[in-house]
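Geometric and topological summary
Below are the chains, spelled out letter by letter.
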Amino acid sequence: MNYLLALLGMLLLAGLFGILIVWVARKFKVEGNPVVEQINQVLPQTQCGQCGYPGCKPYAEAIAKGEAPINQCPPGGQDGIGKLAALLDVEELELNPDNGVEDEVDTIVEIVEADCIGCTKCIQVCPVDAIVGAAKHMHTIIGDECTGCDLCIPACPVDCIIQIPAPLPSRIHRQEKPRLMITIEEAQKWPS
Amino acid sequence: MTGLFVIFVSAAFVNNFVLVRFLGLCPFMGVSNQYKSALGMSYATAFVLTLSSIVSYLVNEYLLLPLDIEYLKTLSFILVIAVTVQMTEMILHKSSPLLYQVLGLFLPLITTNCAVLGVALLNVQQQNSLLESAFFGFGAAFGFGLVLVLFSAIRERLEMANIPSSFQGIPIALITAGIMALAFMGFGGMVST
């Protein structure tokens, strides 16, 4: 009997608190600024920091507050500025050269694995965790995750990171997941 | 009235939670790097401690005692604290963004602070009334905040000091905490509870 009471008491307490917290969560729901979300969608998500803000979201917040002009994102390029101008209904500006220049071609980076000393310095600067490796072991870049922000190039002490043209449109220049070039069946029939 | 004052002083100084009872040491070491964050942490703790001692008193008095299941108090107090903190955070986020910016980061940290659970359990042990529980909680938070702010101010000065390399960082902080604990022993016997 005592056990049952204990069980019931705890159930009652937890149930009451559960209902209370769900109610509070609904009642006091905070909606993020929808403009910030929309601007953030347009920004390329390289998290490269060339705009002078720590990442794309902070830059989006600054634009929404009117603290930053829309022309500080080199990876987004003139296309991106155009989209931002259309979204916010403001005048389209030229890319600010202080923030960098737009890349001519879509690039990602690659590690020259023979030269890598396994120092992990590039892993620490990569904003999108696209580099795998461990101390004193060779590192490599997950091409599909790399945004081509080039932050790892100056970090490498042996200069073993090079720019290569992106095999598929890199993440900045596509909106959805990449489509496979061949079907799974074709891939399985591939002569190994 | 004097009873409440004695409880307050006893919780804040004589039986200081950090330096005498050694509860809540994690934020004491973790959030004391900067004076500003120590202050934020103190405010948040004062808020949560007072609120959760009141709520856990109510739970103990009106749920655990009537059902004769006081042995579940640790479990239910943890639940009470977690829910109180979570709700405070949500309400603050909506109603006072400014206060949320000051406290917001520290609120979740307090959920697992053993000083909060300690206060709730000691309230039951000392058979405090509702008002006494609230004062005990607030006194404990005051003592915690005072020590945290003092400690962070000392640590900020230590940053500038020329400390032998083997003592830099945490070791000198621990030594400082030890000396502060010795100083707080001076309050011992001031109020006997």
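Definitions and cut-offs
Residues numbered from 1 in each chain as written. Chains lettered and ligands numbered in written order. Predicted model: local features only at pLDDT ≥ 70, side-chain atom pairs only at ≥ 80, totals over all residues. Heavy atoms only, no water. Helix = DSSP H or I, 4+ residues; strand = E, 2+ residues; numbered from the N terminus. Buried < 20%, exposed > 50% of the residue type's maximum accessible area, 1.4 Å probe, protein only. Contact = heavy atoms within 4.5 Å. Areas by Shrake-Rupley, 256 points an atom, 1.4 Å probe, with all protein chains shown as cover. Expected span 1.5 Å × (residues − 1). Core = buried A, V, L, I, M, F, W, Y, C linked by side-chain atoms within 4.5 Å. Phe/Tyr/Trp six-rings, centres within 6.5 Å; stacked < 30°, edge-to-face > 60°. 1 Å grid on protein atoms, 1.4 Å probe; cavity = no way out; pocket = protein on both sides within 12 Å on 5 of 7 lines; lining within 4 Å. Points joined across faces, edges and corners; volume = space filled by probe spheres on them. Nonpolar A, V, L, I, M, F, W, Y, C, P; charged D, E, K, R; others polar. Patch = residues over 30% accessible without salt bridge, like charges linked within 9 Å, V, L, I, M, F, W, Y side chains within 5 Å. Salt bridge = Lys/Arg side-chain N within 4 Å of Asp/Glu carboxyl O. Lys, Arg positive; Asp, Glu negative; His and termini not counted. Charge placed at Lys NZ, Arg CZ, Asp CG, Glu CD. Buried area = accessible area lost by both parts, 1.4 Å probe. Polar contact = N/O pair within 3.5 Å; in protein donor to acceptor, adjacent residues only side chain to side chain. pLDDT = per-residue confidence, 0-100. Axes fitted to C-alpha atoms, helices over the stretch in contact; angles between N-to-C directions. Parallel < 35°, antiparallel > 145°, perpendicular 65-115°, else oblique. Left-handed = near helix turned anticlockwise from the far one by under 90°.

When its secondary structure is counted, chain B shows 9 helices and 0 strands. Relative to its full complement of 193 residues, chain B shows a buried share of 48%. When contacts within chain B are restricted to residue pairs at least 6 apart in sequence, those whose partners lie at least 24 apart make up 77%. Accessible surface computed for chain B: about 9,800 Å², of which carbon and sulfur atoms make up 69%.

Turning our eyes to something else, we now look at the overall build of chain A. Within chain A, the regular secondary structure consists of 7 helices and 4 strands. Along its sequence from the N terminus, chain A presents helices and strands in the succession α-α-α-α-β-α-β-β-α-β-α. Residues classed as buried in chain A amount to 33% of the 192 residues present. Contacts spanning at least 24 positions in sequence make up 55% of the contacts within chain A whose residues lie at least 6 apart. When the accessible surface of chain A is split by element, carbon and sulfur atoms take 57% of a total near 12,500 Å².

On to helix 4 (residues 73–95) of chain B, then. Its 23 residues place the ends of helix 4 of chain B 32 Å apart at the C-alpha level, agreeing with the 33 Å of an ideal helix rising 1.5 Å per residue. Looking only at helix 4 of chain B, the buried set comprises B:Ser76, B:Phe77, B:Val80, B:Ile81, B:Val83, B:Thr84, B:Val85, B:Met87, B:Thr88, B:Glu89, B:Met90 and B:Leu92. The elements touched by buried residues of helix 4 of chain B are helix 1 (2–27) of chain A together with helix 3 (35–67), helix 5 (97–103), helix 6 (107–111) and helix 7 (114–125) of chain B.

The tendency in soluble globular proteins is for nonpolar side chains to be buried side by side. Residue and element names in this part refer to chain B. Counting residues in each nonpolar core, the largest one holds 58 residues, and the members touching the most others are Leu19, Phe28 and Leu107. It is helix 3 that provides the largest number of residues to this core, a total of 9 residues. When neighbours within four sequence positions are excluded, Leu107 is seen to be in contact with Ala44, Val48, Val85, Glu89 and Leu92.

On to the packing of aromatic side chains, then. Here the distance between the centres and the angle between the planes together describe a pair of aromatic rings. Residue and element names in this part refer to chain B. Tallied over the full model, the rule gives 8 aromatic pairs over all chains. Arranged with centres 5.5 Å apart and planes meeting at 40°, the rings of Phe8 and Phe142 form a pair that is tilted. You can see Phe8 sitting in helix 1 (residues 2–14) and its partner Phe142 sitting in helix 8 (residues 130–160), a full 134 residues away along the chain. Classification of Phe142 as partly exposed rests on a relative accessible area of 37%. Summarising the aromatic geometry, the rings of Phe13 and Phe187 are spaced 5.1 Å apart at their centres and angled 35° between planes, so their arrangement reads as tilted. Pair noted here: Phe13 is in helix 1 and Phe187 is in the segment after helix 9 (170–184), with a separation of 174 residues, a long-range link. Of the aromatic side chains, those joined through ring pairs into one cluster are Phe8, Phe13, Phe138, Phe142, Phe184 and Phe187.

Here the focus is empty space enclosed by the protein. Rolled over the atoms, a probe sized like a water molecule indicates the empty space that remains. Overall, the coordinates contain 4 cavities of 30 Å³ or more when judged by the stated rule. The residue inventory of the lining of the largest cavity, partitioned by class, reads 12 nonpolar, 2 polar and 1 charged.

Structurally, B:Ser42 is set in helix 3. When near neighbours in sequence (up to four residues on either side) are disregarded, B:Ser42 contacts B:Gly145, B:Leu148 and B:Val149.

Let's shift gears to helix 1 of chain B. Along helix 1 of chain B, the positions that sit buried rather than exposed are B:Leu4, B:Ile7, B:Phe8, B:Val9, B:Ser10, B:Ala11, B:Ala12, B:Phe13 and B:Val14. Buried-residue contacts for helix 1 of chain B involve helix 8 and helix 9 of chain B.

The next subject is a negative patch on the surface. Residue and element names in this part refer to chain A. Taken together, the side chains of Asp79, Glu92, Glu94, Glu102 and Asp103 make up a negatively charged region of the molecular surface. Mapped onto the fold, Glu94 is located in the loop between helix 4 (77–88) and strand 1 (107–111). For Glu94, a relative accessible area of 62% gives the class exposed.

The interface of chain A with chain B comprises 16 residues on the first partner and 19 residues on the second. For the pair chain A and chain B, the summed buried surface comes to about 1,600 Å²; carbon and sulfur atoms form 87% of the total. When residues of chain A are sorted by the area they lose upon contact with chain B, A:Met10, A:Phe17 and A:Phe28 head the list and together hold 33% of the total. Inspection of the region where chain A meets chain B yields 0 salt bridges. There are 0 residue pairs in polar contact (both at pLDDT 80 or more) connecting chain A and chain B. The residue inventory of the side of chain A that touches chain B, partitioned by class, reads 13 nonpolar, 2 polar and 1 charged.

On to the confidence of the model for chain A, then. This prediction gives chain A a mean pLDDT of 81; 84% of its residues lie at or above 70. Ranking the helices and strands of chain A by mean pLDDT puts strand 2 (residues 131–132) of chain A first, with 91, and helix 7 (residues 184–189) of chain A last, with 64.

This part takes up the packing of helix 3 of chain B against helix 4 of chain B. All names here are of chain B. Relative to each other, helix 3 and helix 4 sit at 135°, their axes nearing to 9 Å. As the angle between them shows, helix 3 and helix 4 are arranged oblique. Regarding helix 3 and helix 4, the two cross each other, and that crossing is right-handed. For the pair formed by helix 3 and helix 4, the contact residues are Phe47, Val48, Leu51, Ser52, Val55, Ser56, Val59, Asn60 and Leu64 on the first element and Lys73, Ser76, Phe77, Val80, Ile81, Thr84, Val85 and Thr88 on the second. Among the residues making up the contact of helix 3 with helix 4, the classes are represented as 10 nonpolar, 6 polar and 1 charged.

A grouping of A:Leu4, A:Leu7, A:Leu8 and A:Leu11 is seen on the molecular surface, where their side chains present a nonpolar patch of about 420 Å² in accessible area. Relative to the elements of secondary structure, A:Leu8 occurs in helix 1.

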